[in-house]
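Secondary and tertiary structure notes
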Amino acid sequence: MAATKKTNSELLFNGILLENPIFRLALSMCPAVGLTTSIKNGLLLGTAVLFVQVFSSCTIAAIKNFIHPRIRIPTYTLTIATWVTVIDLVLAAYVPEAYKQVGLFVKLIVAFAIITMRLEMFACKNTVTSSFFDGVGMGIGFMVGMVTIGFVRELLGAGTLLGYDVLGFKPLLFFVLPAAGFFCVGIMMAMFNYIEVVFNRSKERKS
Amino acid sequence: MSTLMKRSILLSIWLVSIFLASLPVCGHAAENSFAKKTDFKDNRTIVIEFAGAVDEEWATSPANFKVNEKQNPDVLLPVEKVELSPDKKTVLIRFGEDIDLRAAHVVSMTPVSSEGKNMGPAILDVKKSYFGYLFSILIGAMLINNYVFTKYLGLCVFIGTSRKKDTAVGMGITFTIVMVVSAMISWFLYQYVLKPYRLDYLQVVVFIGLVSLTVQAVDTVLRKVNPALFKAFGVYLVLVIANCVIIAVPLTLASNEYNAFESFMLALGAGGGFLLALFLMSASRERLELANVPPTFRGLPIAFVATGLFALAFMGFSGMAIF
């Protein structure tokens, strides 16, 4: 078991930028495409994922020594399912209106690859504290990704932000269409790649 | 590997056709020989065809038609108005509210008057064939509400395994088998254990546990029974758990209260739709490998844009109604 040597702030930063779940690792694409027609949806699901990620990371990190290696995947799945049930019931009770729109996806968090992957790669090898910060970083990274796509699609598609009319007209109705989610994600990934290429080029020039 | 695939595809087609043949095929019965055909037109309209022209005065008065569901003869459905076609042979009964197309309806009419003659009263059954309804669930899950292109589920596995046609077909078939088995078990468990004991809130935990168990069981059985098949499909089994569709279908079944046949068709449609999506995507991605794509778009981004085009094409199916 090789515990990580990164500091807590590095772990946080890692999840948000360097290993952003949506744009860099390309995991959990389903909600990134299906639910990002508005910022609000992105925020809500992002919160749910943050909650589940942090709590299941901590749980697994705390009980990692009691898990037999052969049944570790079912253990992860059931841990995640438990926390998903908790947040599902909480959201259904406190924000019923918004929950109606994202309802199915909250239950589907249980099958999101990102959470299982972080448990397998990180939480089962590290302490509770660093797992907590890793979970927070990944959760916020996911939320940032969702909100960014939601921002672009809501602004271009409906001309609003968070439900408030900012543009006064609808530039490209195409972007709120379901199929546009794929285009939006694809183009934004290409943009991230382009930034990386430019960054590397300028680095080479300096050296 | 390809002969194995062909054999398993053939086997599954046989199973489905046997299943379909065993279903009762229902038609409609008219008790008055003057009325030829009855059918639903849309959610609010019933069509009745007569053998000859009927009188406009009789046909356009809503009081002459009484419609109720076969199960509740006491509840009369509100007939808003009755229209007669120009050739006076077809009558459209319009309702003020949506009617349940799945239930059988009974239309009772006062004595039909045709060109001044009395053709006698009529009581007609109107129902859709159950077979057609099941078929529409299958096609609906496969094309109209394709889980990948119109519901955006299962994208991780979809993008991950659609690089080659062989992999895509293998994944699709494995997924369909696991999907059908686990959906049927979870339907049974939900209807007979979770619901009677009011444990609905355990849905997620139970369903995901069931899926892992099914995957493990299929893995063990296949390894012993057919090692060659296991070699071909075994690697995809683990990936099935990471697919959102596999948990979305039991949840849909639970919230829609489908019965066993309907659940089977939905699971089969979801699996078949995933297979179709994987096959289409892998075919186009094999071409993309050879195409001259800008470096920043290479790999995932262009795959997403291509998926977007497929999704646009599949939007054309939306609103389609069969039977």
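Here the structure is shown first, and the text comes after it.
Residues numbered from 1 in each chain as written. Chains lettered and ligands numbered in written order. Predicted model: local features only at pLDDT ≥ 70, side-chain atom pairs only at ≥ 80, totals over all residues.

Glancing now at the sheet that holds strand 10 (residues 122-126) of chain B. Residue and element names in this part refer to chain B. Spatially, 4-3-7-10 is the arrangement adopted by the four strands of the open sheet, whose pairing is antiparallel. Only two strands of the sheet have a single partner each, and these edge strands are strand 4 (76-77) and strand 10. Summarising the sheet, strand 3 (residues 65-69) and strand 7 (residues 105-109) pair through five bridges and their orientation is antiparallel. When the bridges of strand 7 are listed, Phe65 appears paired with Met109. (Pairing = 2+ DSSP bridges. Helix = DSSP H or I, 4+ residues; strand = E, 2+ residues; numbered from the N terminus.)

So, about unusual backbone geometry. Most of the time, phi is negative for any residue but glycine, and the peptide bond is trans. Residue and element names in this part refer to chain B. One non-glycine residue with positive phi stands out, namely Tyr152, at about 55°. Tracing the backbone through its elements, the reader meets Tyr152 in the loop between helix 3 (130-144) and helix 4 (155-160). A positive phi is found at Arg198, a non-glycine position, where the angle reads about 55°. Among the structural elements, Arg198 can be located in the loop between helix 5 (165-194) and helix 6 (203-225).

This next bit is on the interface of chain B and chain A. Taken residue by residue, the interface counts 32 residues in chain B and 35 residues in chain A. No other element matches helix 10 (residues 300-315) of chain B, which puts ten residues into the side of chain B that touches chain A. Considering only residue class, the side of chain B that touches chain A consists of 23 nonpolar, eight polar and one charged. (Contact = placed C-beta atoms within 7 Å. Nonpolar A, V, L, I, M, F, W, Y, C, P; charged D, E, K, R; others polar.)

For the rest of this paragraph, the subject is the environment of B:Trp58. All names here are of chain B. If you trace the backbone, Trp58 turns up in helix 2 (residues 56-59). For Trp58 and Leu251, which are 193 residues apart along the polypeptide, the C-alpha to C-alpha distance reads 49 Å. Apart from the residues within four sequence positions on either side, Trp58 is in contact with Asn64 and Ser113.

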